[in-house]
Amino acid sequence: NDSEDTKRLTIGRIAENDIVLNYPQVSSRHAILLRKENQWYIKDRNSTNGTFVNDRSKQISESPVNLEDLLFFGSYKIKASRLIQLKKNTVLGTQDYNRLQIVSDTTLIGRDPDADIHLDYPQISWHHVQLSRKGNQILLKDLGSTNGTFVNGKRISSCEVKPNDVISLGSYRFQVTHDQKLSQHDFRGDIRIDADNITVSIKKKTILDNISFSVFPTEFVGLMGPSGAGKTTLLMALNGYLKPTVGFSKINGESLYQKYDEFRQHIGYVPQDDIIHPELTVYEALYYTARLRLPRDIKNKEIKERINTVLKRLGLFDPDMLNQKGYIDIRDVQIGSPEKKGISGGQRKRVNLAMELLTEPSILFLDEPTSGLSSPDTLEVIKTLREIADQGKTIILTIHQPGLDAYRLMDNVIVVSAGKMAYYGPAYPDALEFFNEQEKDKALKSADSLLAGLKEGEEDLNINWPQKYQKSKAHQMYVDGRKSEPCNTNKIEKPKLTKGLRQLSILSSRYFRIKMKDYINTAILLLQAPII
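Residues numbered from 1 in each chain as written. Predicted model: local features only at pLDDT ≥ 70, side-chain atom pairs only at ≥ 80, totals over all residues. Heavy atoms only, no water.

- If you look the protein chain up in an unreviewed UniProt entry, it shows as ABC transporter ATP-binding protein from Candidatus Magnetoglobus multicellularis str. Araruama.
- Per UniProt, the protein chain has the following entry under Subcellular location (unreviewed entry): "Membrane". (UniProt positions renumbered as here; feature names shortened; annotations may be inferred.)

Okay, here's the thing in structure tokens:
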């Protein structure tokens, strides 16, 4: 038994471990996490792919661990504080479920704290779904939820649920067992993404050529390459906005295109060009986004709490400073434009990010989120994304020429050149060294050396980087060693549209507020009205 001063957690891929990490890079019995008095230690158990603390170039046999340290089991990364907080018998990276007892003939699931199964998640409706037991049957009825109930990937209003059927609500999945118990799994912080032989051709021109890689949960991955290399196209193929000519994007091993209506609730996408209205305040912009995307039954009080929580997480709002002299409450600041000063460029990027975080997606895709920003603002945005990844999000972003401090905050980088993958693996120092073998020490002083080395190798040294990468240790560990089961279809599912009257009402309200704020334009329009 663990005492107050001593705690022992075994970590590995098989069920006998206290913490199960069901990933191919993790050994059956990989490591032991041990607390002696006030200090934690990690001890490797002769694992195949090694255990590392912060530095993936230095394998350890035993090492002290602090809460802020990053632990690597092979190429699987997890923050020490998160691992230590996990309960015994937690399973990550698998379809394993926690068992719940159906205690009555009807079971209500929803955001309501008084529901039989309370799911505190913004995409869940107050009363989302009801399970009814009639003899040997379990009947399911969606209670008019905004984001839908899915059974085996199909959106339903009511049906009979049989053992092993998968019920999906937001990031939660349930199964009814043969003994009529309910099993639950929460996928927050446990989402992996796979690119499986993605090829995109347009008018006989190949834009992306046979790209495969896997991004593990909570990883922060940069997508880099020269202009026109196919970065944005790859981002669009991964997030389901563009169907590849060949291949798949997969979420937890299942085709995104086949179950898009279900999986799109997991996805947040921040485009390069924002669409926030400069006439609105920060709070108003977020309020209308929440009204459009959160469940229709959500109250204004909940929306305010949600907005405050997201802004605080992004470092844009501090409730403790509200009464301090000189503190500017960004919620009341007009977003503005280049012609009319409002919030700063860095703040604007974070407000765009806040719009996506309102729904708590598990995966974030961002297209050039630092474009047009100064180096300090770029670093602040990347630091924010690093913190969000550490809190359980999987993040992929395209980025061009980041400073070294910002670059080092990313876990891995994908480098594409002329539509082919030239590298995927650790960002620092591995990627910089890979493209600059002759001048490694110099390369580590600037992130610009990555694309500079790529270009020099192609143009002056006649290096075929994709071929070179396929023979590398990084490819063996980060592509071959992470492969999931192949999909057998890339049939794309057309998302079902929700009723439009509610959206129309919200958009009309937003439009009216924008026009009322545009005093000069409104006055001109009113003067013109009699003439027209």
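Having seen it, we continue.
1. Structural notes on the sheet that holds strand β5 (residues 51-53)
Then comes step 1: With respect to topology, 3 strands assemble into an open sheet ordered β5-β7-β8, the strand pairing being antiparallel. Since the sheet does not close on itself, it has two edges, and those belong to β5 and β8 (76-79), each with one partner. Within this sheet the neighbouring strands show an average axis-to-axis angle of 20 degrees, counted without direction.
Then comes step 2: Bridge analysis of β5 against strand β7 (residues 70-73) gives 3 bridges, and the strand direction is antiparallel. When the bridges of β7 are listed, F52 appears paired with F72. (Pairing = 2+ DSSP bridges. Helix = DSSP H or I, 4+ residues; strand = E, 2+ residues; numbered from the N terminus. Axes fitted to C-alpha atoms, helices over the stretch in contact; angles between N-to-C directions.)

2. Remarks on the packing of helix α6 (residues 345-357) against helix α7 (residues 375-390)
Then comes step 1: Viewed as axis vectors pointing N to C, α6 and α7 meet at an angle of 20 degrees, and their least axial separation amounts to 9 Å. The orientation of α6 with respect to α7, classified from their angle, is roughly parallel. Seen from above, α6 lies across α7 with right-handed handedness. For the pair formed by α6 and α7, the contact residues are G346, K349, R350, L353 and L357 on the first element and D377, V381, T384, L385 and I388 on the second.
Then comes step 2: The class makeup of the residues in the contact of α6 with α7 is 5 nonpolar, 2 polar and 3 charged. (Parallel < 35°, antiparallel > 145°, perpendicular 65-115°, else oblique. Left-handed = near helix turned anticlockwise from the far one by under 90°. Contact = heavy atoms within 4.5 Å. Nonpolar A, V, L, I, M, F, W, Y, C, P; charged D, E, K, R; others polar.)

3. With respect to the packing of aromatic side chains
Given two aromatic rings, one states the distance between the centres and the angle between the planes to describe the pair.
Then comes step 1: Applying the stated criterion across every chain, the model contains 16 aromatic pairs.
Then comes step 2: Seen from their ring centres, Y23 and Y76 are 4.6 Å apart, and the 20 degrees between their planes marks the pair as stacked. With Y23 in the loop between β2 (19-21) and β3 (31-36) and Y76 in strand β8, this pair connects stretches of sequence that are 53 residues apart.
Then comes step 3: Its relative accessible area of 2% is what places Y23 among the buried residues.
Then comes step 4: Grouping aromatic residues by their ring pairs yields a cluster made of Y423, F434, F435, W465 and Y469.
Then comes step 5: Above the face of the Y41 ring, K36 is positioned so that its terminal group lies 5.7 Å from the ring centre.
Then comes step 6: In this structure, R482 is placed above the aromatic ring of F216, and the distance from its NZ or CZ to the ring centre is 3.9 Å. (Phe/Tyr/Trp six-rings, centres within 6.5 Å; stacked < 30°, edge-to-face > 60°. Buried < 20%, exposed > 50% of the residue type's maximum accessible area, 1.4 Å probe, protein only. Lys NZ or Arg CZ within 6 Å of the ring centre and 35° of its normal.)

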